[in-house]
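Survey of secondary and tertiary structure
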Amino acid sequence: MSEVPAGTAAFAGRTHPKTICMFDVDGTLTVPRQQASKEMLQLLRDLRKECVIAFVGGSDLVKIAEQLAVDGQNVVDDFDYGFSENGLVAYKLGKEIARQSFIDFVGEEEYKKFVKFVLHYIADLDIPIKRGTFIEFRNGMVNVSPIGRNASNQERNEYEVYDKKNGIRAKMVEVLQKEFAHLGLTYSIGGQISFDVFPTGWDKTYSLRHIEPEGFTEIHFFGDKTYKGGNDYEIYNDPRTIGHSVNSPDDTMKILKELFFSKK
Ligand code: M1P
């Protein structure tokens, strides 16, 4: 599918052409679901002169673009690699190179049973408010939200606090794991109001297969949800990566400056 050649030729002009920095989006490059700051975007442009850069988000490309393409540019042109939905949809140098299908893996019949169960479960949930879009169907995964994806920013912030206290998502994941054990799915709480559902193994480590042909000698990964159950856990702990656990976009910038710009 790819017309983009492997090999570091495209990256030869970088100070460290064999080094790649991969970034989670929410909580790492931006405040969750917000746009990246001007300072962060400038730092990424500077970093791209030093090494190869990639985003690896759980969200689909539309949401990632809202956050990173703040001047209306095409986000996949600003990064050497773009990995949306954990890398189940992948871009290199502005071109799509791969796409995975959740529905092909699960099958229509099993997926219908899953949807029926999830919607019944959410209907019976007694939480302070509900909005709309409780299941979002994507290419390589589905995203399930008890409050609904149409929640406003304030509603999502309040829900996050409520969910932490009451373990709504954690309980729901436990129930789904039992009910659909035969499907081989992983449930990952990556954001504030929802969780992602995808075939086991299709976590963010999936993106690493797309950079393998390049033979990078240093693969840095930056993420905030690096704890067990978080959607950065697997790639952060993968032996192929050098993991950096951050607590905010400011923390990411601080580490990048130390790693790449402190001796300049
Ligand atoms: O990037 C992290 C997560 O961001 C969103 O989560 P939420 O809406 O719950 O804050 C979703 O796009 C989710 O898929 C993604 O993993």
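Residues numbered from 1 in each chain as written. Predicted model: local features only at pLDDT ≥ 70, side-chain atom pairs only at ≥ 80, totals over all residues. Heavy atoms only, no water.

Per an unreviewed UniProt entry, the protein is named Phosphomannomutase 1, and its organism is Naganishia friedmannii.

1. A word on the environment of Leu43
Within the secondary structure, Leu43 sits in helix α1 (residues 38-50). Taking relative accessible area as the criterion, Leu43 reaches 8% and is therefore assigned buried. C-alpha of Leu43 to C-alpha of Lys257: the two residues are 214 residues apart in sequence and 8.5 Å apart in space. When residues no more than four places from it in sequence are discounted, the contact partners of Leu43 are Met253, Leu256, Lys257 and Phe261. (Helix = DSSP H or I, 4+ residues; strand = E, 2+ residues; numbered from the N terminus. Buried < 20%, exposed > 50% of the residue type's maximum accessible area, 1.4 Å probe, protein only. Contact = heavy atoms within 4.5 Å.)

2. A look at the sheet that holds strand β11 (residues 242-245)
Across the sheet, seven strands lie side by side as β5-β4-β3-β2-β1-β10-β11; this open sheet has mixed pairing. The open sheet has two free edges, formed respectively by β5 (95-99) and β11, since each of these has just one partner strand. The average angle at which neighbouring strand axes cross in this sheet is 20 degrees, direction not considered. Of the strand pairs in this sheet, strand β10 (residues 218-223) and β11 are connected by four bridges, and their pairing is parallel. (Pairing = 2+ DSSP bridges. Axes fitted to C-alpha atoms, helices over the stretch in contact; angles between N-to-C directions.)

3. As for the pairing of strand β1 (residues 19-23)
Burial analysis of β1 places five of its five residues in the buried class, which makes it a mostly covered element. Both faces of β1 are covered, namely the face carrying Thr19, Cys21 and Phe23 and the face carrying Ile20 and Met22. Here five bridges tie β1 to β10, and the two strands are oriented parallel to one another. Directly across from Met22, in β10, lies its bridge partner Phe221. By the bridge criterion, four bridges tie β1 to strand β2 (residues 52-56) in an arrangement that is parallel. Within β2, the residue paired with Phe23 across the bridge is Phe55. In terms of handedness, the path from β1 via α1 over to β2 forms a crossover that is right-handed. (Right-handed = clockwise from strand over helix to strand, strands pointing away.)

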